[in-house]
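Survey of secondary and tertiary structure
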Amino acid sequence: MNTLELVSKGGASIIIIGGDSRKFLQGFDPARTLVLADENLLTYHRKKFDSFNIISIGAGEQAKSMTRAIELYHKLLELEVDRSWTLIGAGGGIATDLSGFIASTYLRGISFAFVSTTLLGQVDASIGGKNGVNLDGFKNMIGVINQPAQVFCDIDSLSSLPEREFLAGFAEIVKYGAIRDPEFFEYLERNIESGIKRDAKVLEYMISRSVKNKIEVVQADERELGERKTLNFGHTFAHGFEKLYKIPHGEAVSLGMVLAAKLSVKLGLLEAEKAERIEKLLIRCSLPVSFKWEVEVLAEAMKKDKKRSGGSISFILLKDIGKAVIHKLEVQTLKTVLHDLR
Ligand SMILES: NC(=O)c1ccc[n+]([C@@H]2O[C@H](COP(=O)([O-])OP(=O)(O)OC[C@H]3O[C@@H](n4cnc5c(N)ncnc54)[C@H](O)[C@@H]3O)[C@@H](O)[C@H]2O)c1
Ligand SMILES: [Zn+2]
């Protein structure tokens, strides 16, 4: 078990990685705690939350909507939830994004915590205070930055996570090494198979080191004015892949990071051998690294991304393994380079 702390303007979070979820949950008053839980999580782990009021939020990206949030506000009213209550969001990024948003807006904000139960949620979504919902097919359009009081990364619950969802989390783990932690990247090159085999000790270390990286970035730049943008490495392409080809987020990030690393090489920023190291590591995680995309379609999808300003798109590129830079590209230049890369 590992305990880390995040302190920022949006509040302070205690983040516990590993250990017994029952012990963590004992800290909450059953009469004044409501668990908003992912439907699939409840199928396997409902018992963990037995002593609390539980509401299923459903599952999947469609649950992260204003419509679902409004349905849940009504349920909170029925239960007479007031400012003395705590909301616990339990599940992956869908459950934590949605419940963090509800807790931050209901009664202008009540106390909330997360039990994070997907690898991607543990290393990324549950950390950093971004809570929100999608609108009209655009991701995370409505939201707030507000830190949960506590986050419990429930490693034990990963046992029921489907393999494909589990592996998707490794894309974000590799990302931290690639953008800011070269020592961690080398550690991953030596130990990735043990993590994939779910070796508890190795997994705990990989999650803790990822969370530590995310905490440092968020503390330096909570509102994403500078350094926090580097967490979007691979994501501008990824959002295009997700939207166009319905590829799951982690897999899209893997494809996006490989493409961004190749783009970095093409622009003379990164040595080709380093882009290959990233690609090889992702292959070892059984993540996709190539895909038959259409240049025009992908470029058009990225034009609609939030990272766009005027006629150019901001990309996070690499100068080295562990050194990310923000780079603006004109849409026309992007199309030319994409044609070359394809
Ligand atoms: N807030 C942030 O900073 C941030 C960062 C990254 C991603 N996100 C968001 O996170 C979401 C993706 O999160 P995710 O990958 O965790 O997806 P998810 O929440 O949909 O979970 C993936 C799948 O696993 C199931 N599940 C969850 N826990 C389980 C368990 N222990 N056992 C069995 N099944 C389980 C879910 O029902 C779902 O089918 C996206 O909406 C993304 O935008 C947010
Ligand atoms: Zn991501």
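Starting from 1, residues in each chain are numbered consecutively following that chain's sequence as written. The naming scheme follows written order: chains are lettered A onward, ligands numbered 1 onward. Owing to the predicted nature of the model, reporting of local features is limited to residues with pLDDT of at least 70; listing and counting of side-chain atom pairs is limited to 80 or more, with chain, interface and lining totals taken over all residues.

**Let's talk about the site of ligand 1**
Ligand 1 sits among 30 residues. The nearest are Asn-40, Gly-92, Gly-93, Ile-94 and Thr-118. Here the residues of the shell around ligand 1 are counted per class, giving nine nonpolar, 13 polar and eight charged. The criterion for a residue being near a molecule or strand is simple: its C-beta atom, placed using the backbone, must lie within 6 Å of it. For this classification, the nonpolar set comprises Ala, Val, Leu, Ile, Met, Phe, Trp, Tyr, Cys and Pro, the charged set comprises Asp, Glu, Lys and Arg, and every other residue, Gly included, is treated as polar.

**Quick notes on the domain arrangement of the protein chain**
How big an interface is tends to be stated in terms of accessible area lost as the parts join. For every domain, the bounds stem from an assignment made automatically or drawn from a database. According to the domain assignment, the protein chain contains domain 1 (2-160) and domain 2 (163-341). A straight line from the C-alpha centre of domain 1 to that of domain 2 covers 26 Å. Facing the 24 residues of domain 1 at the interface are 23 residues of domain 2. A run of H or I in DSSP counts as a helix once it spans at least four residues, and a run of E counts as a strand once it spans at least two, with each numbered from the N terminus. Among the elements of the structure, strand 1 (2-8), strand 2 (11-17), helix 5 (119-125) and strand 8 (138-145) are those that each provide at least two residues to the side of domain 1 that touches domain 2. Along the lines of polarity and charge, the residues of the side of domain 1 that touches domain 2 split into 13 nonpolar, eight polar and three charged. In this description, any two residues whose backbone-derived C-beta atoms lie within 7 Å of each other are considered to be in contact.

**Considering the environment of Arg-22**
The residue Arg-22 is located in helix 1 (residues 21-25) in this model. In sequence terms Arg-22 and Phe-49 are 27 residues apart; their C-alpha atoms lie 8.3 Å from each other.

**Points about unusual backbone geometry**
Although it is not a glycine, Arg-198 sits at a positive phi angle of roughly 65°. Checked against the element boundaries, Arg-198 lands in the loop between helix 7 (182-196) and helix 8 (200-220). To assign burial, the other C-beta atoms lying within 10 Å of each residue's own C-beta are counted, with C-beta atoms placed from the backbone; 20 or more indicates buried, 12 or fewer indicates exposed, and intermediate counts indicate partly exposed. Given 15 C-beta atoms within 10 Å, Arg-198 falls into the partly exposed group. Located in the positive-phi region is Lys-246, a residue other than glycine, with phi close to 55°. Summarising the element assignment, Lys-246 is placed in the loop between helix 9 (235-245) and helix 10 (249-266).

**Considerations on the nonpolar core**
Ranked by internal contacts, the top residues of the largest apolar core, which has 99 residues, are Leu-36, Ala-37, Leu-98, Ile-102, Ala-178 and Ala-260. Looking at which element gives the most residues to this core, the answer is helix 6 (residues 163-180), with 10 residues. Looking at which domains feed residues into this core, each of domain 1 (2-160) and domain 2 (163-341) gives three or more. Residues within four places of Ala-260 in sequence aside, it is in contact with Phe-233, Gly-234, Phe-237, Phe-315, Ile-316 and Leu-317. A set of buried residues drawn from Ala, Val, Leu, Ile, Met, Phe, Trp, Tyr and Cys, joined through C-beta atoms within 7 Å, is what defines a nonpolar core.

**So, the environment of Thr-336**
Its location among the elements puts Thr-336 in helix 13 (residues 331-341). As for Thr-336 and Leu-34, which are separated by 302 residues in sequence, their C-alpha atoms are 52 Å apart.

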